[in-house]
Protein chains: 2
Amino acid sequence: MQTRPWIQIAEDLRLRITSGEYAEGERLPSGSTLMGEYGVARQTIQNAVDQLRAEGLVSSIAGRGWFVSKRRPITRLARNRLSADERTAGRGAFLTDAAAADFTPTVTVRVWKEEAGEEVASYLDVPSGTQVLVRDRVMRADGDVVQLAASYLPADLVQGTQVEHVDTGPGGTYARLEEAGFALSHFTEFVSARSPRPAEAESLRIPHGHPVIQVTRVAFAADRPVEVNFISMASDRFQLVYQIDAR
Amino acid sequence: MQTRPWIQIAEDLRLRITSGEYAEGERLPSGSTLMGEYGVARQTIQNAVDQLRAEGLVSSIAGRGWFVSKRRPITRLARNRLSADERTAGRGAFLTDAAAADFTPTVTVRVWKEEAGEEVASYLDVPSGTQVLVRDRVMRADGDVVQLAASYLPADLVQGTQVEHVDTGPGGTYARLEEAGFALSHFTEFVSARSPRPAEAESLRIPHGHPVIQVTRVAFAADRPVEVNFISMASDRFQLVYQIDAR
DNA sequence: CAGTGGTCTAGACCACAAA
DNA sequence: TTGTGGTCTAGACCACTGT
C-alpha cells in the first residue's frame, strides 16, 4: 500500500467504531496508547483522529479524551415554507424554522449601505457599483449562533421603507417588499458547501474540518431580482429539505 | 492574540491574495521563504496553506508550488428537472444534467439485493431487514468521477421489471416504476454536506479539506416512498439549484 | 541536480480535567 | 499532580518538477 499511515490508522479506527468495538459516547484509547499500538508518532495519530472528527465520527474534549460522537438530532429546514401564507403570518423564514424545530430564536441585525460588488451585482442584475442596502444578520438558537445571513437589496427599491430599519416589522423584509408593490413571484436557491474560515468556524461553533452549508437565495418580483441573501450554517446540525412535484 | 500562529498566517496570506498581491494562477512564495518571513517551522506554514486549500483559495502542485486558485466554472444542477417531461424524454436525472451542463456522461452500474439497514428502512417506511434492490452507480463526466449514487428500492416492488437489470432502458428507473403502476407524485430532497473519507475524496478527485454535497432523494408514488437515493458530489464543482414558487 | 510540497518523527510546551 | 488533547519546532525523508 502506498496510502499514508494516518489514512490507514483512520480507516482502522473507523472500522473499530462502526463495528461496535467502541460504542456511542465511549472514550477511544488515549493518544499515547494509540502511539504504542500503531508504532507511530503523536502527530500521525492526531492526523488520523482529525480525519474522523471531520467525518463527524469522533469528537474531542481537551483534557479528557476522544469520544465516539453521539448521533445529534439534525434540524431539518423546510425550504418550501417561503409561501405567502407563512409570510403574511407575520414571521420571517428563520422564525418559521424556529417554530417548526422548537428552539428559541434570536436575531441580531446590522444595516448599512454600500456599493454592490461583482457577485452581488450579478445576482441582482444591476451594474456593479450600484448602491445596495445590506442587512447583515446573526441568528441564534437558544443563544448559540446557528446561521449567518447577509441580504442585499437595490437601495432605490427600499428607499423610505421599513426595510431600511433594523426592525422590519411583522412578516419581515418580504412583507415590506410586497407592500411596496413588489409582489414576490418565486425564489431561486443555489445550494453549495465549503470549508469555513477559522473565525467563521468559531462563531458557528463548527468542529474542526466540518463544512458549512452555503445557500444563496434570490427573491424575484415578476421575474426581477429584488434581493439576494447569502446564508451560512453548520452542516452537522442542519439539513435542507426541498419538495419537488413530479407533475 | 490567543489565536494560533497558523490561523494568523492563513489570515495574512488570505488578505494578500484577496487584495490582489498575488493574482489568479500566480505562485505563492515557497515554503522555505514563508518559514523565513513568518519565523515559524515548516509544519506551521503547511497548516496555514492547508486551511487556504480547504477554502478553495489555493491549490498545490507537488514539486512546483502553491498557486492562487483560478475560479473554476461551477456546474449548476437544476433539481426541479425531475418533472414528467424530462422523464418521458428518455433521460435520467444525471443525463439531463449532463445535457444542460454540456459534458459527456458515463454511468457504471452495479446491482444487487440486500436487507435494508436502519436508515434505508426509515426512508422507505418499511421494517428494518426488508429485502431491497440496490443500484450502485458511479457517474463520470468526460471520464472523471463526479457523482456517486446508491438507490434502494423495495425488492418486491420491482420484481421482474427492468429495474433489476443494469440497463433500465429509456427513461431510467423512474420511467419503469411508472410503467409498473407507481405513478410518481413528488420527490423530497434532503441536502447536507460532510467531509469525505480519504478513499471517497480520491475517487471524486476532491482537494484535501473540501466537503462533499450529500443529497438524499426520496421518490414518492401516491405518498408511498418507492425509492431512496443517496448522492454524493464534489462541492467545488457543483451547485444545486432549486426554484420555489412564492404562490 | 537543486528546489518544491507532503509527511513522519521525537521532543517540547500549553491549557484543561480529574483525582 | 498526572494524564489528556492540541500545537509548534527542528530535522529528516520521499516523490515530484524543471534545469
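For the structure given in this document, a descriptive report is provided here.

The rules behind these values
Residues numbered from 1 in each chain as written. Chains lettered and ligands numbered in written order. Predicted model: local features only at pLDDT ≥ 70, side-chain atom pairs only at ≥ 80, totals over all residues. Heavy atoms only, no water. Helix = DSSP H or I, 4+ residues; strand = E, 2+ residues; numbered from the N terminus. Rg over C-alpha atoms; globule rule 2.2 N^0.38 Å. Buried < 20%, exposed > 50% of the residue type's maximum accessible area, 1.4 Å probe, protein only. Contact = heavy atoms within 4.5 Å. Areas by Shrake-Rupley, 256 points an atom, 1.4 Å probe, with all protein chains shown as cover. Lys, Arg positive; Asp, Glu negative; His and termini not counted. Charge placed at Lys NZ, Arg CZ, Asp CG, Glu CD. Near = heavy atom within 4 Å. Polar contact = N/O pair within 3.5 Å; in protein donor to acceptor, adjacent residues only side chain to side chain. Nonpolar A, V, L, I, M, F, W, Y, C, P; charged D, E, K, R; others polar. Pairing = 2+ DSSP bridges. Axes fitted to C-alpha atoms, helices over the stretch in contact; angles between N-to-C directions. Parallel < 35°, antiparallel > 145°, perpendicular 65-115°, else oblique. Left-handed = near helix turned anticlockwise from the far one by under 90°. Buried area = accessible area lost by both parts, 1.4 Å probe. Salt bridge = Lys/Arg side-chain N within 4 Å of Asp/Glu carboxyl O.

1. Focus on the overall build of chain A
Part 1 of the reasoning: In terms of helices and strands, chain A carries 8 helices and 10 strands.
Part 2 of the reasoning: Against the globule reference of 18 Å for 247 residues, chain A gives a C-alpha radius of gyration of 22 Å, more extended than a compact globule.
Part 3 of the reasoning: Principal-axis analysis of the C-alpha atoms gives chain A an extent of 70 × 40 × 35 Å.
Part 4 of the reasoning: Counting all 247 residues of chain A, 49% fall into the buried class.
Part 5 of the reasoning: The contacts of chain A with a sequence gap of at least 6 include a subset with a gap of at least 24, amounting to 60%.
Part 6 of the reasoning: Within the structure as shown, chain A displays about 11,800 Å² of accessible surface, and the carbon and sulfur contribution to it stands at 48%.
Part 7 of the reasoning: A gap of 5 Å separates the mean positions of the 28 positive and 32 negative side-chain charges of chain A.

2. Let's talk about the protein's contact with DNA strand C
Part 1 of the reasoning: Surrounding DNA strand C, one finds 26 residues, the nearest of these being Pro-5 and Thr-44 of chain A together with Gly-31, Gln-46 and Ser-60 of chain B.
Part 2 of the reasoning: In the interface set of DNA strand C, defined as its atoms within 4 Å of the protein, sugar plus phosphate atoms amount to 73%.
Part 3 of the reasoning: Between DNA strand C and Thr-44 of chain A there is a distance of 2.4 Å, counted from a phosphate oxygen to a side-chain nitrogen or oxygen.
Part 4 of the reasoning: When contributions to the surface near DNA strand C are tallied by element, the ones reaching two or more residues are α1 (5-18) and α3 (42-55) of chain A together with α2 (31-38), α3 (42-55), β1 (58-61) and β2 (65-68) of chain B.
Part 5 of the reasoning: Looking at the surface near DNA strand C residue by residue, the classes come out as 7 nonpolar, 13 polar and 6 charged.

3. Things to note about the sheet that holds strand β5 (residues 131-141) of chain A
Part 1 of the reasoning: One open sheet holds the 8 strands; their spatial order is β4(A)-β5(A)-β6(A)-β9(A)-β8(A)-β7(A)-β10(B)-β3(B), and the pairing between them is mixed. Taken across any chain shown, the strands that pair with only one partner, and hence form the sheet edges, are β4 (105-115) of chain A together with β3 (75-78) of chain B. This sheet shows a mean twist of 20 degrees between the axes of neighbouring strands, independent of strand direction.
Part 2 of the reasoning: By the bridge criterion, 6 bridges tie strand β7 (residues 184-194) of chain A to strand β10 (residues 238-245) of chain B in an arrangement that is antiparallel. In the sheet register, Phe-190 of chain A faces β10 of chain B, and the bridge partner there is Val-241 of chain B.
Part 3 of the reasoning: Against the sheet, helix α7 (residues 172-179) of chain A touches β5, β6 (144-154), β7, β8 (212-221) and β9 (224-234) of chain A, its axis set at about 150 degrees to β7 of chain A.

4. Let's talk about the protein's contact with DNA strand D
Part 1 of the reasoning: Around DNA strand D lies a shell of 25 residues, among which Gly-31, Gln-46 and Ser-60 of chain A together with Pro-5 and Thr-44 of chain B are the nearest.
Part 2 of the reasoning: Considering DNA strand D, the proportion of its atoms within 4 Å of the protein that are sugar or phosphate atoms stands at 72%.
Part 3 of the reasoning: Side-chain polar atom of Trp-66 of chain A to a phosphate oxygen of DNA strand D: 3.0 Å apart, as the coordinates give it.
Part 4 of the reasoning: A distance of 2.8 Å separates a phosphate oxygen of DNA strand D from a polar backbone atom of Ala-41 of chain B.
Part 5 of the reasoning: Put simply, the parts of the chain that give the surface near DNA strand D at least two residues each are α2 (31-38), α3 and β2 (65-68) of chain A together with α1 (5-18) and α3 of chain B.
Part 6 of the reasoning: Taken together, the residues of the surface near DNA strand D break down into 6 nonpolar, 13 polar and 6 charged.

5. Comments concerning the packing of α1 of chain A against α3 of chain A
If you want to describe how two helices pack, look at the angle between their axes and the distance between the axes.
Residues and elements named next belong to chain A.
Part 1 of the reasoning: At a minimum axis distance of 8 Å, the contact between α1 and α3 shows a crossing angle of 55 degrees. Judged by the angle between their axes, α1 and α3 are oblique. Helix-helix and strand crossings are classified by hand; for α1 and α3 the assignment is right-handed. Across the interface between the two elements, Pro-5, Trp-6, Ile-9, Ala-10, Leu-13, Arg-14 and Ile-17 from α1 touch Thr-44, Ile-45, Asn-47, Ala-48, Gln-51, Leu-52 and Glu-55 from α3.
Part 2 of the reasoning: When the residues that make up the contact of α1 with α3 are grouped by side-chain class, the tally is 9 nonpolar, 3 polar and 2 charged.

6. Structural notes on the interface of chain A and chain B
Part 1 of the reasoning: The interface is formed by 46 residues belonging to chain A together with 46 residues belonging to chain B.
Part 2 of the reasoning: Summed over both partners, the interface of chain A with chain B buries about 3,800 Å², with 58% contributed by carbon and sulfur atoms.
Part 3 of the reasoning: It is Tyr-242, Ile-244 and Ala-246 of chain A in chain A that bury the most area against chain B; as a group they hold 18% of the surface buried on that side.
Part 4 of the reasoning: At the junction of chain A with chain B, the criterion picks out 0 salt bridges.
Part 5 of the reasoning: Viewed at the interface, chain B and chain A are joined by 16 residue pairs in polar contact (both at pLDDT 80 or more).
Part 6 of the reasoning: Mapped onto the side of chain A that touches chain B, the elements with two or more residues apiece are α1, α3, α4 (84-88), β7, α8 (198-203) and β10 (238-245) of chain A.
Part 7 of the reasoning: Per-element accounting of the side of chain A that touches chain B gives the leading share, 11 residues, to β7 of chain A.
Part 8 of the reasoning: Tallied by class, residues from the side of chain A that touches chain B come to 22 nonpolar, 13 polar and 11 charged.

7. Comments concerning unusual backbone geometry
Residue and element names in this part refer to chain B.
Part 1 of the reasoning: One non-glycine residue, Asp-125, lies in positive phi territory at about 60 degrees.
Part 2 of the reasoning: Along the chain, Asp-125 turns up in the loop between α6 (118-124) and β5 (131-141).
Part 3 of the reasoning: For Ala-222, which is not glycine, the phi dihedral falls at a positive 50 degrees.
Part 4 of the reasoning: Positionally, Ala-222 belongs in the loop between β8 (212-221) and β9 (224-234).
Part 5 of the reasoning: Overall, Ala-222 belongs to the exposed group, its relative accessible area being 64%.

Geometric descriptors of this kind do not, in isolation, establish any biological role.
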